[in-house]
Structure formats: structure tokens, C-alpha cells
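Observations on chain architecture
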Amino acid sequence: MQPLAGRRLWFVGVGGAGLSSYAFLARAWGAEVGGWDRVETPYLRQLDGVRVEIAPEPVVPDGWEVVVSSAYPAVVGTPRAEFLAELVSLRRSIVVAGAHGKTTTTGMIAFVFAELELDPAWLVGGEIAQLGGNAGAGEGWLVVEGDESDRTVERLRPQIAVVTNVELDHHATFGSEGELHELFERWLAEVPQVVRGWELEPAELELAVPGEHNRRNAAAALAALELAGVARADAAPVLARFRGAGRRFELVGESNGVTVVDDYAHHPAEIEATVAAARERTAGRVLVLFQPHLYSRTRHLAAELAAALSTADAACVTEIYRAREEPLDGVTGKLVLDALRGNVRAGWAPSVEDGARLVAAWARPGDLVLTVGAGDVDRAGGLVLEALP
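Residues numbered from 1 in each chain as written. Predicted model: local features only at pLDDT ≥ 70, side-chain atom pairs only at ≥ 80, totals over all residues. Heavy atoms only, no water.

A closer look at the overall build of the protein chain
- Scanning the protein chain for helices and strands turns up 11 helices and 17 strands.
- Over its C-alpha atoms the protein chain spans a radius of gyration of 21 Å, differing by no more than 12% from the 21 Å that the globule rule assigns to 389 residues.
- Considering only C-alpha atoms, the protein chain reaches an extent of 60 × 50 × 40 Å along its principal axes.
- Residues counted as buried form 56% of the 389 residues belonging to the protein chain.
- Taking the intrachain contacts of the protein chain between residues at least 6 apart in sequence as the baseline, contacts between residues at least 24 apart amount to 70%.
- When the accessible surface of the protein chain is summed, it comes to about 15,900 Å², and 48% of that surface belongs to carbon and sulfur atoms.
- The protein chain carries 35 positive and 54 negative side-chain charges, and their two centres are separated by 1 Å. (Helix = DSSP H or I, 4+ residues; strand = E, 2+ residues; numbered from the N terminus. Rg over C-alpha atoms; globule rule 2.2 N^0.38 Å. Buried < 20%, exposed > 50% of the residue type's maximum accessible area, 1.4 Å probe, protein only. Contact = heavy atoms within 4.5 Å. Areas by Shrake-Rupley, 256 points an atom, 1.4 Å probe, with all protein chains shown as cover. Lys, Arg positive; Asp, Glu negative; His and termini not counted. Charge placed at Lys NZ, Arg CZ, Asp CG, Glu CD.)

A short note on the pattern of salt bridges
- All chains considered together, the criterion is met by 21 salt bridges.
- Residues Arg91 and Glu139 are paired through a salt bridge, measuring 3.9 Å at the closest nitrogen-oxygen approach. With Arg91 in the loop between helix 2 (80-89) and strand 6 (93-97) and Glu139 in the loop between strand 8 (133-137) and strand 9 (142-145), this pair connects stretches of sequence that are 48 residues apart.
- Using a relative accessible area of 9% as the deciding quantity, one classes Arg91 as buried.
- Residue classification places Glu139 among the partly exposed residues on the basis of a relative accessible area of 45%. (Salt bridge = Lys/Arg side-chain N within 4 Å of Asp/Glu carboxyl O.)

A few points about empty space enclosed by the protein
- Per the counting criterion, the structure on display carries 1 cavity of 30 Å³ or more.
- Lining of the largest cavity is provided by Arg80, Ala81, Leu84, Gly146, Asp147, Thr152, Val153 and Leu156.
- Classifying every residue of the lining of the largest cavity gives 4 nonpolar, 2 polar and 2 charged. (1 Å grid on protein atoms, 1.4 Å probe; cavity = no way out; pocket = protein on both sides within 12 Å on 5 of 7 lines; lining within 4 Å. Points joined across faces, edges and corners; volume = space filled by probe spheres on them. Nonpolar A, V, L, I, M, F, W, Y, C, P; charged D, E, K, R; others polar.)

Read these as layout, nothing more, since geometry by itself doesn't imply function.
As C-alpha cells, then:
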């Protein structure tokens, strides 16, 4: 099946988790693909042989259909979400959305399909090592991670929709949690079969990934798989072997009795769940290096972020990772630092490098160090290991 045969598709922002997976699937479905990004990224490895331009500013050659990442709104072309909607329309599809857990839940579903030899295709917003990457191009169900951050999930029309949970995370897009809930309910009303994760009890499975939040992710995955015709008795033992997505409680390494784990958590509920999962894995202290993500999120959630970090034994906060936003007056990482509760050891580090050195100095044998955030704090894990005495 090559439904995109004869098309030439140029992806602006092709190095990102999303567009790299779309390009991978588009090539498998018959299109000639190419793209541009500012820097080389690990996601480009799966696009071996594809023309990729690396330059400071977007490159758009003549003669191509252009698909544009939401990070580059000034570039003329088909928006990312519109192209994804086309991909979803071309195959029996499951779309997973929600405030937290959507990457892991999408990966769980695709992993079970693959292990049961049901030949799935998948588009996931993170690396799934057991699947070989963030995209696959089988002939079975297409399993997709949706995105509500810009409201575009509402455009997708799968056969099965999963919403893991509803919690306000994108304050520049939604004025309230009620507004977000309305978006999801409008979308679910257009989908034949629906899974609402908050209506399910956590899966009673011994999973390879720790934490109550992952047992809830597993419950949503099992429900979606049942709707797709996979019996729970077949799915559950396979799901128990799922080891997680990249940057989702990902072991970086161990040195001198100190374990370092990296996680994408950037919302208070995610941080609290990650610290709780860490306590399931160690009898020692839990130390957190946290890089806030987005000025808008930090302004609205500084107190809640601090409360979540205060469930650890020590927390070091860095400056905000700005991502797509311009700075806001008076909004810095110190808003979170100043709100930390008295029971937690607190530290300030302007940069990720400074934070890695400080946390390494705090650590002692038996401790578990978490590097946490949605920016470039993922590089901190290796720095912590290097800095440990």
C-alpha cells in the first residue's frame, strides 16, 4: 500500500520528534521526502538517504509540497496537523491524547501490536527503543500520539480515540481546564470508539516501568487494544515487558552507588508522579535537577511546580527553557525556587551545567538523581555522572 506515491514532500522542522516520524511514514507510503532543520538531531538517523538541509534559516526548494512544523508558523505550507490528519485518514487508526502519559500509552499500544505480530504503523513523540524508534510503517493499525497543545487533535478522525487525562498544561492556548475538557469532548463525539483514562482503574500488572501513573497508562492501553480486537489475556503479559519511552524514567547510568534517571516531566502532576516512581526504585534519597519549560507555564504554575519538587529530598532549579516563547517580565526559574517548601534542600543554578555540578556534589551512595524537564536538561544526566566524586 503506497497511498502517497508520486508526491514530493518537504518537511520544515524535519529533525523534530513529530515531523521526523511523519517523514518516515510518508517515505514508506511512497512519497519522495526531504526536509530542513537548524541542527542535526537523533531523530534524523532513521531518515538515512533522505535529503536534509541543515541551515540557520528555513530552506524550501522549488517543486515540493511543504509540510511545516508548528515551530515555524511564518513558513508557507501545509500545517503539521493538517498533514497528520491526512495520514490518520489513510489507515485504521488509534490516536492517543491527554495532558500526561500520551507518549508512553501510544508506545505501549504499538509495542503490544508489534510483539503479537499484528504489524502496526506508529507515530510517537519520543523514542521507543523496543520498537526501534519513534515511527514504524507496518500494514496493520496506525497508532498515533495526538497533540492538544495547539488544539489540532480535534482535526483527527481515528476509529479509536484515547484521552489519558485532562489537566491544564498549555496556558498560552487554553484559558481554563474546562475549556480544554470541552475541546476533548468535542473531539471524542466525532470518534466511533472512545477510551477515557480517568474512568479506568489502574492496571493490576507487574510492569517493567514504575509508578502509579504507568499503571494508569497501561489501563488505557489495554482498553484501546481490546477495542481494536486484542484480548486482554493476550495483551497483558506482553505489555508487562514494555520498558518505556525515551526520557520517560530512562536510566542514564550509575556511578559510585548513585543512580541517574532522566525524565520529560514538566508539569506538577508529572513531576510528583516521577518522584513517587523514583521512591519505588530506591531506599535512598531522591534528588531532582529541574529545568522549567516555558515562561507562561512557569508564571501560572510556579507554586504547584514547587510543591511537586518538594516531595523530593532535594531540588535544584535552573533558569527557564524558553522554547517557542518570548521572555515575560519578572518570570524566571527563581519563582519556582522561592516557592519550595522548607523540608526540601534547595539550590539555584542558572545553567544546566551548573545544576549538574551542584546535584553531583549533593549526591551520596544510595541516592537516585532525577534530571527533569522538557527542554535540553536531558544532557544533564551525563554531566551529573561525570561530576560525581
